[in-house]
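If you want the building blocks of each chain, they are given just below.
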Amino acid sequence: MVDENNQELFNKLVAGLKDLMPLPTTVTAIIKLTKDPNSDLKEIVYNLEKDQAMVSRVLKLANSSYYGFSRQIKTISHAVVCLGYNTIKNMALTVSTYPMFKKGIVSYALEKGAIFKHSYAVAVGARIIANKAGHPNPEEVYVMGLLHDVGKLVLDEQAKDKFINVIRLFSKGSITFLEAEEQVLGFNHGEIGSKVAEKWNLSDEIVETIRFHHHPSDASPNNKSVHMVHLSDVIVEMMGIGLGYDGLSYELNEASFEILGLKNSCMEELMVKIMDEMQDEANGAIFSDEDSSK
Ligand SMILES: [Fe+2]
Ligand SMILES: [Fe+2]
């Protein structure tokens, strides 16, 4: 819940999101098409093909070893046949948000690239958990993992001046980082992050998962994705991937294991799988050719 006294700051940040976090029009169009049951999904191919840089990145993702196709996928039409429209939409979203996550996040003491590494690891872990726990759309959970901390980007851009007080309060050692955010700002990075997903017209499940990724029990009981992302986030923090000031200050919700039908002892196995997938050369190559000046 956003603190009444800070409603003004929250509203100001929300109002500025459109300019601060714009999505390419191609991706906005694709999201709209996949949400509307009456739309002609062939238009997705048409829309994507207008952006050749995106086409080549989506094809790299489609050809990564995770999907394990024996023949190379050379066109978007072929990728759609092999992977479906929803996966293609999620891939377009992945490659178009990458530049936003590449920079450093001063407020959280995350050096250049650290937030992307963290988010990417959480996405990979969330997808592994989603497959294990039988989520019908693991690719969607991957996107939730990728975007779970998007609120940190907004706070770093728009509330840097207030952050010194968050750090000061947190460093006293009596409260969690999330509580320090809430006390100083009146809301946490999950709440403002969920507004980004709302602006981008993403699904309610994504919006809710971003909002409650540190408090999964506050989400609706039928939303299991939030537990998947929560668990992956905690595991990735334990692995020390992309830690800032707030690293290791979040609590694990033990109930998440039971809700997902997993044993607490699976954490080690999940860590190994995340490392393996992250070291996958094809995955590395997907992002390595990006324009580093952005
Ligand atoms: Fe977070
Ligand atoms: Fe995180």
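It should be emphasised that the depicted structure is a prediction, and the values quoted were computed from it without experimental measurement.

A. Fine view of the coordination of the iron ion (ligand 2). Around the iron ion (ligand 2), the protein contributes the donor atoms H118 (NE2), H148 (NE2), D149 (OD) and D233 (OD), which lie 2.2 to 2.4 Å from the metal centre. Each of the four donor atoms bound to the iron ion (ligand 2) contributes to angles spanning 81 to 174°, and the resulting shape is irregular. On the primary sequence, the residues serving as donors to the iron ion (ligand 2) are separated as H-x29-H-D-x83-D.

B. Examining the coordination of the iron ion (ligand 1) more closely. Taken together, D149 (OD), H189 (NE2), H213 (NE2) and H214 (NE2) make up the full set of protein donors to the iron ion (ligand 1), lying 2.1 to 2.2 Å away. Here the iron ion (ligand 1) is ringed by four donor atoms whose angles at the metal span 85 to 176°, and the overall shape comes out irregular. Here the donor residues for the iron ion (ligand 1) map to a single chain with the spacing D-x39-H-x23-H-H. The distance between the iron ion (ligand 1) and the iron ion (ligand 2) is 3.8 Å, with D149 acting as a donor to both metals. Here H213 lies in the loop between α14 (204-211) and α15 (225-238) and H189 lies in helix α13 (residues 189-199), a separation of 24 residues in the sequence.

C. Quick look at the packing of aromatic side chains. Overall, the coordinates contain nine aromatic pairs when judged by the stated rule. Centre to centre, the rings of F10 and F187 are 4.9 Å apart; their planes meet at 65°, and the pair counts as edge-to-face. In this pair, F10 sits in helix α1 (residues 7-15) while F187 sits in the loop between α12 (177-185) and α13, placing the two residues 177 residues apart along the sequence. Overall, the relative accessible area of 0% leaves F187 in the buried class. Judged by centre distance (4.8 Å) and plane angle (85°), the ring pair of Y66 and Y67 falls under edge-to-face.

D. Representation of the nonpolar core in the model. Judged by nonpolar contacts, the single largest core of 94 residues is most densely connected at M21, I88 and L155. Among the elements that make up this core, the one with the highest residue count is helix α8 (residues 114-132) (twelve residues). Those residues in contact with I88 that lie beyond four places of it in its chain are I44, L48, V58, A79, V80 and L83.

E. How the structure looks around the packing of α14 against α15. One can describe the packing of α14 onto α15 by two numbers: an axis separation of 9 Å at closest approach and a directional angle of 40°. Comparing the axis directions of α14 and α15 gives the class oblique. In this structure, α14 crosses over α15, and the sense of that crossing is right-handed. Along the contact surface, α14 presents E205, E208 and T209, while α15 presents S225, V226 and V229. For the contact of α14 with α15, a count of residues per class yields two nonpolar, two polar and two charged.

F. Focus on a nonpolar patch on the surface. Nonpolar side chains collect at one region of the surface, where M238, L243 and L248 lie side by side and expose about 280 Å² of accessible area between them. Along the chain, the position of M238 falls in helix α15. Residue M238 is classed as partly exposed on the basis of its relative accessible area of 48%.

G. Inspection of α14 at higher detail. Residues of α14 that are buried: I206, V207, E208, T209 and I210. On its buried face, α14 sits against α9 (138-147), α13 and α15.

H. Just helix α10 (residues 150-158), in detail. Counted residue by residue, α10 has seven buried out of nine residues, so it is predominantly covered. Turning to α10, its buried residues number three or more, namely V150, G151, K152, L153, V154, L155 and D156.

I. Structural detail: the side chain of E140. Within the fold, E140 resides in helix α9. By relative accessible area, which is 8% here, E140 ends up buried.

J. Here's a closer look at the side chain of E237. Note that E237 resides in helix α15. As a buried residue without a salt bridge, E237 has its nearest oppositely charged side chain in K152, at a separation of 5.5 Å. Non-local contacts of E237, meaning those with residues more than four positions away in its chain, are made with H118, L243, D246, G247, L248, S249 and Y250.

K. The arrangement of empty space enclosed by the protein in detail. With the rule as written, the count across this model stands at one cavity of 30 Å³ or more. When its volume is computed, the largest cavity comes out at roughly 100 Å³. Its residues assigned to classes, the lining of the largest cavity comprises seven nonpolar, four polar and two charged.

Cut-offs and rules
- Residues numbered from 1 in each chain as written.
- Chains lettered and ligands numbered in written order.
- Predicted model: local features only at pLDDT ≥ 70, side-chain atom pairs only at ≥ 80, totals over all residues.
- Heavy atoms only, no water.
- Donors = N, O, S within 2.8 Å, 3.2 Å for Na, K, Ca; no water.
- Tetrahedral: all angles 85-135°; square planar, octahedral: opposite > 155°, others 65-115°.
- Helix = DSSP H or I, 4+ residues; strand = E, 2+ residues; numbered from the N terminus.
- Phe/Tyr/Trp six-rings, centres within 6.5 Å; stacked < 30°, edge-to-face > 60°.
- Buried < 20%, exposed > 50% of the residue type's maximum accessible area, 1.4 Å probe, protein only.
- Core = buried A, V, L, I, M, F, W, Y, C linked by side-chain atoms within 4.5 Å.
- Contact = heavy atoms within 4.5 Å.
- Axes fitted to C-alpha atoms, helices over the stretch in contact; angles between N-to-C directions.
- Parallel < 35°, antiparallel > 145°, perpendicular 65-115°, else oblique.
- Left-handed = near helix turned anticlockwise from the far one by under 90°.
- Nonpolar A, V, L, I, M, F, W, Y, C, P; charged D, E, K, R; others polar.
- Patch = residues over 30% accessible without salt bridge, like charges linked within 9 Å, V, L, I, M, F, W, Y side chains within 5 Å.
- Areas by Shrake-Rupley, 256 points an atom, 1.4 Å probe, with all protein chains shown as cover.
- Salt bridge = Lys/Arg side-chain N within 4 Å of Asp/Glu carboxyl O.
- Lys, Arg positive; Asp, Glu negative; His and termini not counted.
- 1 Å grid on protein atoms, 1.4 Å probe; cavity = no way out; pocket = protein on both sides within 12 Å on 5 of 7 lines; lining within 4 Å.
- Points joined across faces, edges and corners; volume = space filled by probe spheres on them.

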